[in-house]
Amino acid sequence: MDRYAVNMGYSIHDLIERKKYFFGQDIFRVFLILYFSIIASLFKRNRFNLYLRIGSLYLNLKNITKSREYYERSNRLVKNDEQYMRILMCLGNLSYATGSYKEAILNYEKALNISRYKTTILSNLAFAYEAVGENDKALKYAQDSIEISKQESDLGHTILPENNVRDLIIRLKEKLPRVSR
């Protein structure tokens, strides 16, 4: 029962996050926070993932304090490198959202050293490096994310890597001198 309930919530979460924005999206996020909180209180086995999802929902609602709280709850439950990598990604996303781009880069680079999920990390690094004005690095990471994505077809990306960094690559190429291209 708990696996079905959790998977249903994950499916709804993934569905609403695939869309850029639609009417009522934040209401669905609040509903999912409540839903995941109830499941987390009933079933101990899925708390790590549930807390990560709740943290991400709060981040999308721009509630940084609550997002950090749930990422920290999840962090206390880490049992392996993959979970640690996921925490690093979430903390990187949180740092990026608060404008702490150098901290985001540190988290993403730590995650890159332990993860097979390189496409997402590389694209996040590209955006973070652009934010600190290191456009050469940003372009390299953006292009690498597309290249690596061809080897990661089983990951079920919410946003296709090409779509995720396409505008970034165009923007970076306009910023960089011709010799860098």
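Above this text sits the structure in question.
Residues numbered from 1 in each chain as written. Predicted model: local features only at pLDDT ≥ 70, side-chain atom pairs only at ≥ 80, totals over all residues. Heavy atoms only, no water.

(A) Representation of helix α4 (residues 64-75) in the model. With twelve residues, α4 should cover 16 Å at 1.5 Å per step; its first-to-last C-alpha distance of 16 Å lies within 8% of that length. Within α4 the residues assigned to the buried category are S67, Y70, Y71 and S74. Projection of α4 onto a plane perpendicular to its axis shows the buried side chains occupying an angular sector of 100°, all on one side. If you follow the buried residues of α4, they end up packed against α2 (25-42), α3 (47-60) and α5 (81-97). (Helix = DSSP H or I, 4+ residues; strand = E, 2+ residues; numbered from the N terminus. Expected span 1.5 Å × (residues − 1). Buried < 20%, exposed > 50% of the residue type's maximum accessible area, 1.4 Å probe, protein only. Arc of directions from axis to C-beta. Contact = heavy atoms within 4.5 Å.)

(B) Layout of the packing of α2 against α3. Relative to each other, α2 and α3 sit at 160°, their axes nearing to 9 Å. When the axis of α2 is compared with that of α3, the two are roughly antiparallel. Read as a crossing pair, α2 and α3 show a hand that is left-handed. Across from R29, L32, I33, F36, S37, I39, A40 and S41 in α2, the residues of α3 making contact are R47, L50, Y51, R53, I54, L57, Y58 and N60. (Axes fitted to C-alpha atoms, helices over the stretch in contact; angles between N-to-C directions. Parallel < 35°, antiparallel > 145°, perpendicular 65-115°, else oblique. Left-handed = near helix turned anticlockwise from the far one by under 90°.)

(C) Seen up close, the packing of aromatic side chains. Within the structure shown, the criterion is met by six aromatic pairs. Taking 6.0 Å as the distance between ring centres and 55° as the angle between the ring planes, the aromatic pair formed by Y35 and F36 counts as tilted. Ring centres of Y129 and Y141 lie 5.6 Å apart, and the angle between their planes is 10°; this geometry places the pair in the stacked category. Placement of Y129 in helix α7 (residues 118-131) and of Y141 in helix α8 (residues 135-149) is noted, with a sequence separation of twelve residues between them. Across the pair, Y141 and Y129 agree in class, each one buried. Site record: aromatic cluster; members linked through ring pairs are F31, Y35 and F36. The positively charged end of K140 is found above the aromatic ring belonging to Y141, 5.5 Å away from the centroid. (Phe/Tyr/Trp six-rings, centres within 6.5 Å; stacked < 30°, edge-to-face > 60°. Lys NZ or Arg CZ within 6 Å of the ring centre and 35° of its normal.)

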